[in-house]
Amino acid sequence: MNFVIVSHVVHKLQQDGIYAYEPYVREMNIWLKYVSQTTIIAPVTERIATPIETVYKHENIAVNAVRSIQFTSVLHVLKSVLALPRICFQIFKAFQKADHIHLRCPGNMGLLGCIIQVCFPKTPKTAKYAGNWDPKSKQPLSYRFQKWVLGNTFLTKNISVLVYGDWKNQSKNITPFFTASFTETDKVSFKGRSYAKALKFVFVGSLVKGKRPLIAIKIIEKLLKNNIDANLELYGDGILRKELEVYVQKNRLSKNIHFKGNQPLDVVKQALLNAHFLILASKSEGWPKAVAEAMFFGVIPIATTVSCVAEMLGNGSRGILISLDLEKAVSKIMKIIMENDLHVMSKLAQKWSQTYTLDYFEAEIKQLIYAPQ
(Lines give C-alpha, C1' and ligand atoms only; values in the text may rest on other atoms or scores of the structure.)
Protein backbone atom coordinates (compact mmCIF):
# COMPACT_ATOMS: atom_id res chain seq x y z
CA MET A 1 0.00 0.00 0.00
CA ASN A 2 1.30 3.45 -0.98
CA PHE A 3 0.17 5.75 1.83
CA VAL A 4 0.39 9.39 0.68
CA ILE A 5 0.45 12.10 3.35
CA VAL A 6 -0.13 15.80 2.69
CA SER A 7 1.07 17.94 5.58
CA HIS A 8 2.07 21.53 6.36
CA VAL A 9 4.51 20.31 9.04
CA VAL A 10 8.09 21.26 8.13
CA HIS A 11 10.34 18.20 7.66
CA LYS A 12 14.10 17.94 8.04
CA LEU A 13 16.21 15.45 6.10
CA GLN A 14 19.12 14.23 8.24
CA GLN A 15 21.65 11.45 7.63
CA ASP A 16 19.88 9.14 10.05
CA GLY A 17 16.35 9.79 8.77
CA ILE A 18 13.48 12.22 8.31
CA TYR A 19 12.63 14.44 11.27
CA ALA A 20 9.60 16.56 12.15
CA TYR A 21 7.67 17.81 15.20
CA GLU A 22 7.76 15.00 17.77
CA PRO A 23 4.06 14.68 18.77
CA TYR A 24 3.07 14.63 15.08
CA VAL A 25 5.71 12.04 14.09
CA ARG A 26 4.91 9.90 17.14
CA GLU A 27 1.33 9.66 15.91
CA MET A 28 2.26 9.12 12.25
CA ASN A 29 4.61 6.27 13.17
CA ILE A 30 1.55 4.42 14.44
CA TRP A 31 -0.25 4.91 11.12
CA LEU A 32 2.84 3.79 9.20
CA LYS A 33 3.00 0.43 10.99
CA TYR A 34 0.25 -0.75 8.68
CA VAL A 35 1.50 0.47 5.28
CA SER A 36 4.31 -0.84 3.07
CA GLN A 37 5.20 2.43 1.32
CA THR A 38 4.93 6.05 2.42
CA THR A 39 5.11 9.26 0.42
CA ILE A 40 5.11 12.56 2.32
CA ILE A 41 4.27 15.81 0.54
CA ALA A 42 5.43 18.60 2.82
CA PRO A 43 7.79 21.58 3.15
CA VAL A 44 11.43 20.66 3.80
CA THR A 45 14.25 22.62 5.41
CA GLU A 46 17.98 21.91 5.70
CA ARG A 47 18.11 23.06 9.33
CA ILE A 48 19.30 20.66 12.03
CA ALA A 49 16.62 18.80 13.98
CA THR A 50 15.86 20.21 17.43
CA PRO A 51 15.13 18.30 20.69
CA ILE A 52 11.38 18.68 20.11
CA GLU A 53 11.62 16.82 16.77
CA THR A 54 12.00 13.11 16.17
CA VAL A 55 12.52 10.66 13.34
CA TYR A 56 10.01 8.64 11.31
CA LYS A 57 10.24 4.88 11.80
CA HIS A 58 9.60 3.30 8.42
CA GLU A 59 11.82 1.41 5.98
CA ASN A 60 10.19 2.59 2.75
CA ILE A 61 9.55 6.31 3.06
CA ALA A 62 10.12 9.24 0.72
CA VAL A 63 9.56 12.98 0.98
CA ASN A 64 8.27 14.96 -1.96
CA ALA A 65 9.53 18.40 -0.95
CA VAL A 66 7.38 21.46 -1.70
CA ARG A 67 7.85 25.15 -1.01
CA SER A 68 6.36 26.36 2.26
CA ILE A 69 3.19 28.39 1.66
CA GLN A 70 2.86 31.56 3.71
CA PHE A 71 0.64 34.61 3.46
CA THR A 72 2.13 36.70 6.27
CA SER A 73 3.66 39.40 4.07
CA VAL A 74 3.44 40.75 0.53
CA LEU A 75 6.67 38.97 -0.42
CA HIS A 76 5.47 35.65 1.05
CA VAL A 77 2.14 35.99 -0.77
CA LEU A 78 3.91 36.59 -4.09
CA LYS A 79 6.28 33.63 -3.63
CA SER A 80 3.43 31.35 -2.54
CA VAL A 81 1.19 32.28 -5.49
CA LEU A 82 4.02 31.62 -7.93
CA ALA A 83 4.72 28.26 -6.28
CA LEU A 84 1.09 27.06 -6.22
CA PRO A 85 0.91 25.53 -9.74
CA ARG A 86 3.98 23.36 -9.13
CA ILE A 87 2.79 22.30 -5.66
CA CYS A 88 -0.67 21.37 -6.97
CA PHE A 89 0.95 19.36 -9.78
CA GLN A 90 3.15 17.50 -7.26
CA ILE A 91 0.14 16.65 -5.10
CA PHE A 92 -1.93 15.54 -8.09
CA LYS A 93 0.84 13.24 -9.39
CA ALA A 94 1.33 11.72 -5.95
CA PHE A 95 -2.43 11.11 -5.58
CA GLN A 96 -2.43 9.25 -8.90
CA LYS A 97 -0.07 6.68 -7.36
CA ALA A 98 -1.76 6.56 -3.96
CA ASP A 99 -3.57 3.56 -2.51
CA HIS A 100 -4.63 5.68 0.46
CA ILE A 101 -4.62 9.48 0.82
CA HIS A 102 -4.09 11.00 4.26
CA LEU A 103 -4.67 14.75 4.76
CA ARG A 104 -3.45 16.74 7.76
CA CYS A 105 -5.74 19.69 8.35
CA PRO A 106 -6.21 22.56 8.92
CA GLY A 107 -3.32 24.21 7.11
CA ASN A 108 -2.29 25.57 3.75
CA MET A 109 -1.10 22.20 2.45
CA GLY A 110 -4.22 20.55 3.82
CA LEU A 111 -6.30 23.13 1.95
CA LEU A 112 -4.68 22.18 -1.36
CA GLY A 113 -5.04 18.49 -0.55
CA CYS A 114 -8.75 18.99 0.20
CA ILE A 115 -9.31 20.56 -3.22
CA ILE A 116 -7.24 18.10 -5.26
CA GLN A 117 -8.63 14.97 -3.56
CA VAL A 118 -12.01 15.76 -5.16
CA CYS A 119 -10.49 14.42 -8.41
CA PHE A 120 -9.94 11.01 -6.78
CA PRO A 121 -13.36 9.86 -5.55
CA LYS A 122 -12.46 6.14 -5.65
CA THR A 123 -9.24 6.37 -3.64
CA PRO A 124 -9.67 5.56 0.09
CA LYS A 125 -8.90 8.57 2.28
CA THR A 126 -8.56 9.75 5.84
CA ALA A 127 -8.21 13.32 7.07
CA LYS A 128 -7.06 14.31 10.53
CA TYR A 129 -8.59 17.69 11.40
CA ALA A 130 -6.45 18.71 14.37
CA GLY A 131 -8.17 22.05 14.94
CA ASN A 132 -11.43 23.12 16.51
CA TRP A 133 -14.37 21.47 14.72
CA ASP A 134 -17.02 23.37 16.69
CA PRO A 135 -19.43 24.64 13.97
CA LYS A 136 -20.20 27.75 16.04
CA SER A 137 -16.59 28.85 16.57
CA LYS A 138 -15.14 31.85 14.75
CA GLN A 139 -12.38 30.66 12.43
CA PRO A 140 -10.42 31.89 9.40
CA LEU A 141 -12.12 31.50 6.03
CA SER A 142 -9.56 28.90 4.88
CA TYR A 143 -10.35 26.72 7.91
CA ARG A 144 -14.09 26.99 7.34
CA PHE A 145 -13.59 26.12 3.66
CA GLN A 146 -11.59 22.98 4.53
CA LYS A 147 -14.30 21.88 6.95
CA TRP A 148 -16.97 22.45 4.32
CA VAL A 149 -15.14 20.47 1.62
CA LEU A 150 -14.30 17.58 3.93
CA GLY A 151 -17.85 17.32 5.23
CA ASN A 152 -19.46 17.60 1.79
CA THR A 153 -20.39 14.06 0.68
CA PHE A 154 -20.87 15.16 -2.95
CA LEU A 155 -17.35 16.58 -3.31
CA THR A 156 -15.49 14.30 -0.91
CA LYS A 157 -16.01 10.55 -1.13
CA ASN A 158 -14.46 7.43 0.44
CA ILE A 159 -13.18 9.35 3.46
CA SER A 160 -13.19 9.30 7.24
CA VAL A 161 -12.62 12.80 8.62
CA LEU A 162 -11.33 12.47 12.18
CA VAL A 163 -12.48 15.37 14.35
CA TYR A 164 -12.26 16.15 18.04
CA GLY A 165 -15.63 16.11 19.77
CA ASP A 166 -19.04 14.68 19.00
CA TRP A 167 -20.96 17.45 17.21
CA LYS A 168 -24.60 17.44 16.10
CA ASN A 169 -25.84 17.40 12.50
CA GLN A 170 -22.63 16.14 10.86
CA SER A 171 -22.36 14.26 7.56
CA LYS A 172 -21.42 10.58 7.34
CA ASN A 173 -17.86 11.65 6.46
CA ILE A 174 -17.26 12.91 10.00
CA THR A 175 -15.89 10.56 12.67
CA PRO A 176 -15.41 11.70 16.30
CA PHE A 177 -11.86 10.81 17.30
CA PHE A 178 -9.17 11.42 19.92
CA THR A 179 -5.41 11.54 20.46
CA ALA A 180 -3.44 9.47 22.96
CA SER A 181 -0.02 9.80 24.57
CA PHE A 182 0.23 6.85 26.95
CA THR A 183 -0.12 3.06 26.73
CA GLU A 184 -1.98 0.57 28.88
CA THR A 185 1.28 -0.10 30.74
CA ASP A 186 1.55 3.62 31.62
CA LYS A 187 -1.64 3.45 33.63
CA VAL A 188 -1.26 4.07 37.34
CA SER A 189 -3.73 3.39 40.11
CA PHE A 190 -5.60 6.34 41.51
CA LYS A 191 -3.52 8.18 44.08
CA GLY A 192 -5.40 10.46 46.40
CA ARG A 193 -3.67 13.79 46.77
CA SER A 194 -3.73 16.10 49.76
CA TYR A 195 -5.37 19.40 48.86
CA ALA A 196 -4.88 20.85 52.33
CA LYS A 197 -1.25 21.87 51.88
CA ALA A 198 0.63 23.70 49.09
CA LEU A 199 -1.13 23.23 45.75
CA LYS A 200 1.01 22.41 42.72
CA PHE A 201 -0.18 23.75 39.36
CA VAL A 202 1.37 22.99 35.95
CA PHE A 203 1.16 24.58 32.53
CA VAL A 204 2.16 22.39 29.58
CA GLY A 205 2.40 23.96 26.14
CA SER A 206 4.11 26.56 24.00
CA LEU A 207 4.65 29.97 25.54
CA VAL A 208 2.75 31.81 22.82
CA LYS A 209 -0.27 34.11 22.76
CA GLY A 210 -2.68 31.39 21.66
CA LYS A 211 -1.97 29.31 24.77
CA ARG A 212 -2.37 32.35 27.09
CA PRO A 213 0.33 31.35 29.62
CA LEU A 214 0.09 34.78 31.28
CA ILE A 215 -3.41 33.91 32.47
CA ALA A 216 -2.00 30.84 34.24
CA ILE A 217 0.59 33.04 35.95
CA LYS A 218 -2.00 35.65 36.94
CA ILE A 219 -4.27 32.96 38.40
CA ILE A 220 -1.44 31.84 40.67
CA GLU A 221 -0.71 35.47 41.57
CA LYS A 222 -4.34 36.01 42.58
CA LEU A 223 -4.49 32.78 44.58
CA LEU A 224 -1.37 33.79 46.51
CA LYS A 225 -2.94 37.18 47.30
CA ASN A 226 -5.94 35.27 48.65
CA ASN A 227 -3.67 33.30 51.00
CA ILE A 228 -3.78 30.06 49.03
CA ASP A 229 -0.35 28.42 48.97
CA ALA A 230 0.19 27.71 45.27
CA ASN A 231 3.13 26.95 42.97
CA LEU A 232 3.24 26.83 39.18
CA GLU A 233 5.67 25.03 36.86
CA LEU A 234 5.57 25.93 33.16
CA TYR A 235 6.71 23.20 30.75
CA GLY A 236 7.34 24.53 27.26
CA ASP A 237 9.07 27.38 25.49
CA GLY A 238 8.21 30.13 23.04
CA ILE A 239 8.50 33.78 22.07
CA LEU A 240 6.75 34.97 25.23
CA ARG A 241 9.16 33.35 27.67
CA LYS A 242 11.34 36.44 28.28
CA GLU A 243 8.28 38.65 28.70
CA LEU A 244 6.73 36.19 31.16
CA GLU A 245 9.95 35.88 33.14
CA VAL A 246 10.11 39.66 33.45
CA TYR A 247 6.50 39.72 34.72
CA VAL A 248 7.28 37.05 37.32
CA GLN A 249 10.37 38.88 38.56
CA LYS A 250 8.70 42.29 38.56
CA ASN A 251 5.77 40.98 40.62
CA ARG A 252 7.99 39.01 43.02
CA LEU A 253 6.60 35.62 42.05
CA SER A 254 9.91 33.81 41.45
CA LYS A 255 9.55 31.65 44.59
CA ASN A 256 6.25 30.27 43.37
CA ILE A 257 6.51 30.23 39.57
CA HIS A 258 9.21 28.28 37.72
CA PHE A 259 10.01 27.96 34.00
CA LYS A 260 11.11 24.43 33.05
CA GLY A 261 11.41 24.86 29.26
CA ASN A 262 10.85 22.08 26.73
CA GLN A 263 11.13 18.70 28.41
CA PRO A 264 10.79 15.06 27.25
CA LEU A 265 7.45 13.36 27.84
CA ASP A 266 8.91 11.30 30.68
CA VAL A 267 9.86 14.46 32.59
CA VAL A 268 6.41 15.96 32.04
CA LYS A 269 4.85 12.67 33.13
CA GLN A 270 6.76 12.79 36.41
CA ALA A 271 5.58 16.36 37.00
CA LEU A 272 1.97 15.31 36.38
CA LEU A 273 2.26 12.46 38.87
CA ASN A 274 2.93 15.06 41.57
CA ALA A 275 0.67 17.90 40.43
CA HIS A 276 -2.78 18.87 41.71
CA PHE A 277 -4.01 21.05 38.83
CA LEU A 278 -3.21 21.89 35.21
CA ILE A 279 -4.09 25.31 33.77
CA LEU A 280 -4.81 25.76 30.06
CA ALA A 281 -6.69 28.87 28.92
CA SER A 282 -6.15 28.51 25.17
CA LYS A 283 -7.76 30.65 22.50
CA SER A 284 -8.17 27.63 20.24
CA GLU A 285 -7.66 23.90 20.54
CA GLY A 286 -8.55 20.70 18.78
CA TRP A 287 -7.96 17.95 21.29
CA PRO A 288 -5.83 19.59 24.02
CA LYS A 289 -3.30 16.83 24.67
CA ALA A 290 -1.97 18.58 27.75
CA VAL A 291 -5.42 18.32 29.34
CA ALA A 292 -5.89 14.63 28.46
CA GLU A 293 -2.34 13.80 29.62
CA ALA A 294 -2.87 15.54 32.93
CA MET A 295 -6.19 13.80 33.54
CA PHE A 296 -4.52 10.44 32.80
CA PHE A 297 -2.65 10.81 36.11
CA GLY A 298 -5.48 12.30 38.14
CA VAL A 299 -4.53 15.95 37.69
CA ILE A 300 -7.58 18.22 37.73
CA PRO A 301 -7.64 20.44 34.63
CA ILE A 302 -8.60 24.12 34.74
CA ALA A 303 -9.51 25.12 31.19
CA THR A 304 -11.59 27.41 29.01
CA THR A 305 -14.63 26.07 27.17
CA VAL A 306 -13.04 25.92 23.72
CA SER A 307 -13.53 23.13 21.16
CA CYS A 308 -14.40 19.82 22.90
CA VAL A 309 -12.92 20.77 26.29
CA ALA A 310 -16.31 20.93 28.03
CA GLU A 311 -17.05 17.42 26.73
CA MET A 312 -13.67 16.18 27.99
CA LEU A 313 -14.27 17.68 31.42
CA GLY A 314 -17.78 16.27 31.69
CA ASN A 315 -19.18 19.82 31.78
CA GLY A 316 -17.40 20.42 35.06
CA SER A 317 -17.58 17.02 36.77
CA ARG A 318 -14.00 16.09 35.74
CA GLY A 319 -12.39 19.53 35.89
CA ILE A 320 -12.91 23.26 36.31
CA LEU A 321 -14.28 25.25 33.37
CA ILE A 322 -13.39 28.94 33.51
CA SER A 323 -14.05 32.10 31.53
CA LEU A 324 -11.35 34.58 30.50
CA ASP A 325 -12.53 37.03 33.14
CA LEU A 326 -9.65 36.67 35.61
CA GLU A 327 -11.63 37.68 38.69
CA LYS A 328 -14.47 35.30 37.89
CA ALA A 329 -12.04 32.49 37.03
CA VAL A 330 -10.13 32.81 40.31
CA SER A 331 -13.35 33.12 42.29
CA LYS A 332 -14.67 29.90 40.74
CA ILE A 333 -11.39 28.05 41.32
CA MET A 334 -11.31 29.11 44.97
CA LYS A 335 -14.97 28.16 45.49
CA ILE A 336 -14.39 24.66 44.06
CA ILE A 337 -11.20 24.18 46.06
CA MET A 338 -13.00 25.13 49.26
CA GLU A 339 -16.33 23.39 48.71
CA ASN A 340 -15.93 20.41 46.36
CA ASP A 341 -14.64 16.90 46.95
CA LEU A 342 -11.54 17.22 44.78
CA HIS A 343 -10.69 13.53 45.24
CA VAL A 344 -13.89 12.61 43.38
CA MET A 345 -13.15 15.09 40.57
CA SER A 346 -9.58 13.79 40.27
CA LYS A 347 -10.72 10.15 40.16
CA LEU A 348 -13.35 10.86 37.50
CA ALA A 349 -10.77 12.72 35.39
CA GLN A 350 -8.32 9.83 35.56
CA LYS A 351 -10.93 7.17 34.82
CA TRP A 352 -12.14 9.04 31.72
CA SER A 353 -8.69 9.79 30.30
CA GLN A 354 -7.31 6.29 30.83
CA THR A 355 -9.87 5.02 28.33
CA TYR A 356 -7.92 6.76 25.55
CA THR A 357 -4.66 4.84 25.45
CA LEU A 358 -2.21 4.44 22.56
CA ASP A 359 -3.24 0.78 22.37
CA TYR A 360 -6.86 1.79 21.74
CA PHE A 361 -5.71 4.55 19.39
CA GLU A 362 -3.64 2.11 17.32
CA ALA A 363 -6.51 -0.38 17.05
CA GLU A 364 -8.80 2.39 15.76
CA ILE A 365 -6.21 3.55 13.20
CA LYS A 366 -5.73 0.03 11.90
CA GLN A 367 -9.47 -0.22 11.29
CA LEU A 368 -9.47 3.09 9.43
CA ILE A 369 -6.65 2.04 7.10
CA TYR A 370 -8.22 -1.29 6.30
CA ALA A 371 -11.84 -0.17 6.38
CA PRO A 372 -13.90 -1.58 3.47
CA GLN A 373 -14.73 1.07 0.89
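Residues numbered from 1 in each chain as written. Predicted model: local features only at pLDDT ≥ 70, side-chain atom pairs only at ≥ 80, totals over all residues. Heavy atoms only, no water.

Chemist: Is there a simple way to explain the overall build of the protein chain in this structure?
Modeler: Check the secondary structure of the protein chain and you find 12 helices and 16 strands. Since a compact globule built from 373 residues should have a radius of gyration of about 21 Å, the 22 Å found for the protein chain is in line with a globular shape. By principal-axis analysis of the C-alpha atoms, the protein chain measures approximately 65 × 45 × 40 Å. Of all 373 residues assigned to the protein chain, the portion counted as buried reaches 52%. Taking the intrachain contacts of the protein chain between residues at least 6 apart in sequence as the baseline, contacts between residues at least 24 apart amount to 71%. Summed over its atoms, the accessible surface of the protein chain is roughly 18,200 Å², and 54% of this surface lies on carbon and sulfur atoms. (Helix = DSSP H or I, 4+ residues; strand = E, 2+ residues; numbered from the N terminus. Rg over C-alpha atoms; globule rule 2.2 N^0.38 Å. Buried < 20%, exposed > 50% of the residue type's maximum accessible area, 1.4 Å probe, protein only. Contact = heavy atoms within 4.5 Å. Areas by Shrake-Rupley, 256 points an atom, 1.4 Å probe, with all protein chains shown as cover.)

Chemist: Whenever I open this one, the environment of Y356 confuses me. Can you help?
Modeler: Take Y356: it is sitting in the loop between α11 (342-353) and α12 (358-369). Classification of Y356 as partly exposed rests on a relative accessible area of 23%. Along the primary structure Y356 and F178 are separated by 178 residues, whereas in three dimensions their C-alpha atoms are 7.4 Å apart. Ignoring any residue separated from it by four or fewer positions in sequence, one finds Y356 in contact with F178, A180 and W287.

Chemist: Any chance you could explain empty space enclosed by the protein here in plain terms?
Modeler: One simple way to see leftover space: roll a probe sized like a water molecule over the atoms. Evaluated as defined, the whole model comprises 2 cavities of 30 Å³ or more. Put simply, the largest cavity is a space of about 90 Å³. For the lining of the largest cavity, the elements supplying multiple residues, two or more each, are α8 (289-296) and α11. With 4 residues, the single largest contributor to the lining of the largest cavity is α8. In terms of residue class, the lining of the largest cavity is built from 7 nonpolar, 3 polar and 2 charged. Reported here for the second largest cavity is a volume of approximately 30 Å³. Lining the second largest cavity we find L280, S282, E285, P288, V291, A303, T304, V306 and V309. Split into classes, the residues belonging to the lining of the second largest cavity amount to 6 nonpolar, 2 polar and 1 charged. (1 Å grid on protein atoms, 1.4 Å probe; cavity = no way out; pocket = protein on both sides within 12 Å on 5 of 7 lines; lining within 4 Å. Points joined across faces, edges and corners; volume = space filled by probe spheres on them. Nonpolar A, V, L, I, M, F, W, Y, C, P; charged D, E, K, R; others polar.)

Chemist: Explain the side chain of E27 to me, please; I cannot follow it from the model alone.
Modeler: Mapped onto the elements of the fold, E27 is located in helix α1 (residues 22-31). For E27, a relative accessible area of 8% puts it in the buried group. Non-local contacts of E27, meaning those with residues more than four positions away in its chain, are made with R104, K128, T179 and F361.

Chemist: Could you clarify how one ought to interpret the environment of L84 in this entry?
Modeler: Within the secondary structure, L84 sits in helix α2 (residues 74-96). Along the primary structure L84 and I69 are separated by 15 residues, whereas in three dimensions their C-alpha atoms are 8.3 Å apart. Apart from residues lying up to four places away in sequence, L84 is in contact with I69 and L112.

Chemist: In this structure, what is going on with the sheet that holds strand β16 (residues 320-322)? I would like to understand it.
Modeler: Within a beta sheet, neighbouring strands are joined by backbone hydrogen bonds and run either parallel or antiparallel to one another. Read across the open sheet, the 6 strands follow the order β13-β12-β11-β14-β15-β16; overall the sheet is parallel. Of all the strands in the sheet, just β13 (257-261) and β16 have a single pairing partner and so form its edges. This sheet shows a mean twist of 20 degrees between the axes of neighbouring strands, independent of strand direction. Where strand β11 (residues 199-204) lies against strand β14 (residues 277-280), 2 bridges are found, and the strand directions are parallel. By the bridge assignment for β14, V202 is matched with L278. Across the sheet, α8 lies against β11, β14 and β15 (300-304), angled at about 175 degrees from β14, the strand it touches most. (Pairing = 2+ DSSP bridges. Axes fitted to C-alpha atoms, helices over the stretch in contact; angles between N-to-C directions.)

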